[in-house]
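# Results of the structural survey
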Amino acid sequence: MDFGFLSEYWYYFVSGTVNTIVIAILTVILGVIIGTGIALMKISHNKIFKAVASSYIEFIRGTPLLVQITLFFYLISLPEFHIFGLEMERFIPGVIAMSVNSGAYVAEIIRAGIQAVDKGQMEAARSIGFTQGQAMRYIVLPQALRNILPALGNEFVVVIKESSVLSVISISELMRNTNIIQGAIYRPFEPLAITAVIYFVLTFSLTRLLGYAERRMRTSD
Amino acid sequence: MMKGMLKRIFCLIIVVTIGISIAGCGGGETMKRIEKTGKLVVGTSGDYAPYEYHMLVDGKDTIVGIDISIAEEIAKDMGVQLQIVDTDFNGLLSSLNTNKVDIVIAGMNPDEKRKKSVDFSKIYYEAKQGVMVRAEDKDKYKTVADLKDKKVGAQLGTTQEKIVKEQLEGANLVSLGKIPDLVMELKNKKIDALVVELPVASGYVKNNNDLALTDVPVKDDTGGSAIAVKKGNSNLVEQINKSLDRLMKDGLIDKFVQEANEKNVTK
C-alpha cells in the first residue's frame, strides 16, 4: 500500500466528492418533486392517473439504474456546454435519469406516509367543510411529513451511493475521478480504498444527522 | 442553335470537372476552421496513461502524456493554440465527424473498421504489445503455448482483445472495460495474464512490484497509433504528417514516451 499519489491527486477526490454531493442533492430535490406528483396521482380516484402512476413506479423499479442511465444518456442529446467545469451534456441527462429513478422510490415513500395517517383525519376535515384538496394540504400532508422525512433521508443515502453508477457516462463524480486516478498512477487498489472511505464518511455522517433530526422530531410530539 | 447547345454542354462539362477536382482536393474545411479560430481542438480520452492522463499541473487539472506532447508540437508547427477536449474513447470518432473536435489523438490504432469512417495520419508510435503476469509466475510463461487454458485478460473492444482471440490459441479471454480493473484481477489471481500495450505495461510493472512482463511474443497487425482526421481533409493530414516526420527524425517521440513514463511514477 502506497498512498504517495495523494499529494498529486487529492484534488480529484475533493472535486469528485463535491460533484457527488451536488448530484445527490439535485437528485433528491427533483426526485421529491416527481415523487410527490406520482404519489398524489396514485392515491387519487382518477383511474387514468392511477394507472399512469402505477406503471411508472413498476417500470422504474423493475429496471436497473445502470440501464436507465445509459438509456437517458442516448435519448437526451444536448449541445456541449460547461457550468463550473462540469460537462452539462453529460451531467443533465445523468441527473434526470437519477431523479426519474429516485422519483419512483420517493413516490412509494410518500404514498405510504400519507396512507399511514389515520383515515379519520381526512373524514373529520371533510365533515367540517374542507374540500378534498384543502384537507390533504392542511391536515393530512403535514402529519404525513413526519412519517416521510426519515425515509427520505434514507433515500438521500441511497442516492449518494448509487450516483457512482453515473461514472459509466463519464460524469466526473467521485467514482469516475477514481477511475481517472487508477489509470494515471498505474495502481488500481489504493484509490479505490480511499473512495470507499469517502463514501462511507459521507453516508455515515448523513445517517447520524438524520438520526439526530428524527429524535428531535419525536420529542416535539 | 446547335452551336449554342454545344457551347452550353461544353461549359457544363468544364464546370463539373472543376467542381469535382476541387472536391477531390479534399476541401479542407477542418483546416479552414483551424485557421479561422486560431485553435486546434484535439479530442482525447484521458484515462490511458502514459498516452494521456490527468495530472495537477500548478494546481490545475491538466491532461498530459505522449499524445498531448505530440499535439502541442503539431499546434506549434501550425502556429495555432491547442485546446484539449476529454471525452469517452467510444465517442471520439463521432465527435470528430460532427466537427466537435478537429483531430483525435488517443493512442488509436488505425484498423479497417475505423478507417471506414475517418482518415488517419501516418503511424507515429509503433506500440508493441506485451503480456503481463504476476512476478512470481514470470518463469512459467515463455511461449504462447504456456498460455493455453489460462485466463488471459484484455481491454474490451481493443486490438489486444483481438490478439488474445487470434494469436493465443486455447487461452480463455476475459475482457473488461478498464485496464485498472484488469490489473486488479491479475493481482488477485482471477486471471493469469494480461495483454496490454508495452508503454502501459511498463508503467504498471514499474509501479507494482508484484507484476512482471514476459517474453511471450505477440504481434500487432494494425501497426501502432495514428492521428484521426475527418474524411476529406488531405491537406490537414499532410500537415500532421509533416510534423510527425520532424518529431520522428529528431527522436522526440521516444523522448515523450520516456518522459511520460518517468513523470507518473509515484514511488
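From a predicted model like this one, the values you see are computed outputs, not experimental measurements.

### Remarks on the overall build of chain A
Of the regular secondary structure elements, chain A holds eight helices and two strands. Traced from its N-terminal end to its C-terminal end, chain A shows the element sequence α-α-α-β-β-α-α-α-α-α. With the C-alpha coordinates aligned to their principal axes, the bounding extent of chain A is approximately 70 × 45 × 30 Å. Across the 221 residues in chain A, those meeting the buried criterion constitute 43%.

### A look at the overall build of chain B
Scanning chain B from terminus to terminus reveals ten helices and 13 strands. Put simply, 71% of the contacts in chain B that link residues at least 6 apart link residues at least 24 apart. Taken as a whole, chain B presents about 13,400 Å² of accessible surface, with 54% of it coming from carbon and sulfur.

### Let's talk about the pattern of salt bridges
In this structure the tally under the stated criterion is 19 salt bridges over all chains. Close ionic contact of Lys187(B) with Asp210(B) constitutes a salt bridge, the shortest N to O distance being 3.9 Å. In this pair, Lys187(B) is assigned in helix H7 (residues 179-187) and Asp210(B) in the loop between helix H8 (198-207) and strand S12 (211-213), connecting sequence segments 23 residues apart. For Asp210(B), a relative accessible area of 32% corresponds to the partly exposed category. Salt bridges linked by common partners bring Lys42(A), Arg61(A), Glu108(A) and Arg111(A) together as one network.

### Quick notes on the environment of Lys151(B)
Residues and elements named next belong to chain B. Among the secondary structure elements, Lys151 is positioned in strand S9 (residues 151-155). Note: C-alpha distance between Lys151 and Gly177 (26 residues apart in sequence) is 16 Å. In this structure Lys151 touches Asn172, Val174, Lys190, Ile191, Asp192 and Ala193, once residues within four positions along its chain are discounted.

### Points about a nonpolar patch on the surface
Residues and elements named next belong to chain A. On the surface, a cluster of nonpolar side chains totalling about 880 Å² of accessible area is made up of Met1, Phe3, Leu6, Trp10, Tyr11, Val14, Val18, Val22, Leu26 and Phe189. Sorting elements by how many residues they give to the nonpolar patch places helix H1 (residues 6-43) first, with seven residues. Inspection of the secondary structure assignment puts Val18 in helix H1.

### Things to note about the UniProt feature "domain: ABC transmembrane type-1" (unreviewed entry) in chain A
Residues given the UniProt feature "domain: ABC transmembrane type-1" (unreviewed entry) here are residues 17-210 of chain A. Between the end C-alpha atoms of residues 17-210 of chain A there is a gap of 20 Å, over a span that is 80% helix and 2% strand.

### With respect to the interface of chain B and chain A
Contact with chain B, which involves 28 residues of that partner, is made by 23 residues of chain A. Interface area, chain B with chain A, both sides summed: about 2,300 Å², of which 54% is carbon and sulfur. Remark: the boundary between chain B and chain A carries one salt bridge. Linking Asp47(B) and Arg176(A) is a salt bridge whose minimum nitrogen-to-oxygen distance equals 3.9 Å. Joining chain B to chain A, the criterion identifies five residue pairs in polar contact (both at pLDDT 80 or more). When residues of the side of chain B that touches chain A are traced back to their parent elements, those giving at least two are strand S3 (52-57), strand S4 (60-64), strand S5 (81-86), H7 and H8 of chain B. Per-class residue counts for the side of chain B that touches chain A are twelve nonpolar, nine polar and seven charged.

### Some points on helix H4 (residues 88-116) of chain A
Across its 29 residues, H4(A) extends 40 Å between first and last C-alpha, which sits within 8% of the 42 Å expected from 1.5 Å per residue. Burial within H4(A) is extensive, with 22 of its 29 residues counted as buried.

### With respect to the domain arrangement of chain B
All names here are of chain B. For chain B, the domain assignment lists domain 1 (30-126 + 223-264) and domain 2 (129-214). Computed from C-alpha atoms alone, the centre-to-centre distance between domain 1 and domain 2 is 27 Å. Of the roughly 790 Å² buried between domain 1 and domain 2 on both sides combined, carbon and sulfur atoms contribute 40%. Looking only at domain 1, the three residues that lose the most surface to domain 2 are Tyr48, Asn109 and Asn261, adding up to 53% of its buried area. Applying the counting rule to domain 1 against domain 2 returns zero salt bridges. Where domain 1 packs against domain 2, one counts three residue pairs in polar contact (both at pLDDT 80 or more). Tallied by class, the residues present in the side of domain 1 that touches domain 2 amount to five nonpolar, five polar and one charged.

### Side note on helix H6 (residues 159-167) of chain B
Along H6(B), the residues classified as buried are Thr159(B), Gln160(B), Glu161(B), Ile163(B) and Val164(B). Summarising the contacts, the buried residues of H6(B) are in contact with strand S8 (129-134), S9, strand S10 (172-176) and strand S11 (193-197) of chain B.

### What to know about the sheet that holds S8(B)
All names here are of chain B. Taken together, five strands build an open sheet; the order of strands is S10-S9-S11-S8-S12 and the sheet is mixed. In this open sheet, the two edge strands, each paired with only one partner strand, are S10 and S12. Ignoring strand direction, the axes of neighbouring strands in this sheet form an average angle of 30°. Taken together, the four bridges between S8 and S11 define a ladder with antiparallel strand orientation. Counterpart to Gln129 in the pairing with S11 is Glu197. Docked against the sheet, H6 engages S8, S9, S10 and S11, running at close to 150° with respect to S9.

About the cut-offs
Residues numbered from 1 in each chain as written. Chains lettered and ligands numbered in written order. Predicted model: local features only at pLDDT ≥ 70, side-chain atom pairs only at ≥ 80, totals over all residues. Heavy atoms only, no water. Helix = DSSP H or I, 4+ residues; strand = E, 2+ residues; numbered from the N terminus. Buried < 20%, exposed > 50% of the residue type's maximum accessible area, 1.4 Å probe, protein only. Contact = heavy atoms within 4.5 Å. Areas by Shrake-Rupley, 256 points an atom, 1.4 Å probe, with all protein chains shown as cover. Salt bridge = Lys/Arg side-chain N within 4 Å of Asp/Glu carboxyl O. Patch = residues over 30% accessible without salt bridge, like charges linked within 9 Å, V, L, I, M, F, W, Y side chains within 5 Å. UniProt positions renumbered as here; feature names shortened; annotations may be inferred. Buried area = accessible area lost by both parts, 1.4 Å probe. Polar contact = N/O pair within 3.5 Å; in protein donor to acceptor, adjacent residues only side chain to side chain. Nonpolar A, V, L, I, M, F, W, Y, C, P; charged D, E, K, R; others polar. Expected span 1.5 Å × (residues − 1). Domains from an automatic or database assignment. Pairing = 2+ DSSP bridges. Axes fitted to C-alpha atoms, helices over the stretch in contact; angles between N-to-C directions.

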